[in-house]
Amino acid sequence: MNVFRTLNVDLKALAGESSLIKLKCLLLSHSFHMVCCYRIGCALAELPALGGVLRPFFEYFIRIIFSSDISLKSKIGPGLIVMHGHDIVIGANVVIGARCKIFNGVTLGNKNTETKFNLQPKIGDGVVLSTGCKVLGDLYVGSGAVVGANSVVLKSVPDNAIAVGVPAVI
């Protein structure tokens, strides 16, 4: 999907159909600006020869400006809504479906730092990842699921379930 079409889907998910709210998001929403940097960085990282140089620059820019560590190697579907885009960590092998909502302080990454394998989660469509939740390891969070605030998910979550607690239970 073209980067501008994807950004348009992201903007519609955040602002709806209101032109005034879309303009406000375009001009003032740091969370939407972070999504723009991610999308543009991913598109530029695909360029032959230049992509290898641009990827670390965009990742560093996101890290410094938005206080988030988002790998441009991750795959994030259209319609992403980031609420309060700070302290978000998304690893290189993370896959996130369409129309997901991510709050601040969310971590998606490895469970075991001692392994040489990069085993990271896959997130279905329409998932809500609430403030401070951690989703760690090679697992799947099903479509339509909600992960509660400050929960630690270490096992797969079925579709349309609510996972809460440390460790998270359905």
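Above: the structure in question.
Residues numbered from 1 in each chain as written. Predicted model: local features only at pLDDT ≥ 70, side-chain atom pairs only at ≥ 80, totals over all residues. Heavy atoms only, no water.

1. Observations concerning the nonpolar core
Note that soluble globular proteins tend to have their nonpolar side chains buried in a common cluster.
(1) Moving on: Counting 41 residues, the largest nonpolar core has I90, I96, L108, L129, V135 and V141 as its most contacted members.
(2) Moving on: Residue assignment for this core shows that the elements contributing at least two residues are α1 (3–15), α3 (30–45) and α4 (51–66).
(3) Moving on: Ranked by residue count, the leading element in this core is α3, at 7 residues.
(4) Moving on: Excluding anything up to four places from it in sequence, I90 contacts D69, I70, S71, S74, I76, I96, I102 and L108. (Core = buried A, V, L, I, M, F, W, Y, C linked by side-chain atoms within 4.5 Å. Buried < 20%, exposed > 50% of the residue type's maximum accessible area, 1.4 Å probe, protein only. Helix = DSSP H or I, 4+ residues; strand = E, 2+ residues; numbered from the N terminus. Contact = heavy atoms within 4.5 Å.)

2. Re the sheet that holds strand β11 (residues 140–141)
(1) Moving on: An order of β2-β5-β8-β11 is seen for the 4 strands of this open sheet, with the pairing classed as parallel. Lying at the two open borders of the sheet, with one neighbouring strand each, are β2 (75–76) and β11.
(2) Moving on: Here 2 bridges tie strand β8 (residues 122–123) to β11, and the two strands are oriented parallel to one another. Residue pairing in the sheet places K122 in a bridge with Y140 of β11. (Pairing = 2+ DSSP bridges.)

3. Brief notes about the pattern of salt bridges
(1) Moving on: Scanning the entire structure with this criterion turns up 2 salt bridges.
(2) Moving on: The shortest N-O distance in the salt bridge between R63 and D69 comes to 3.1 Å.
(3) Moving on: In this structure R63 comes out as partly exposed when scored by relative accessible area, which is 36%. (Salt bridge = Lys/Arg side-chain N within 4 Å of Asp/Glu carboxyl O.)

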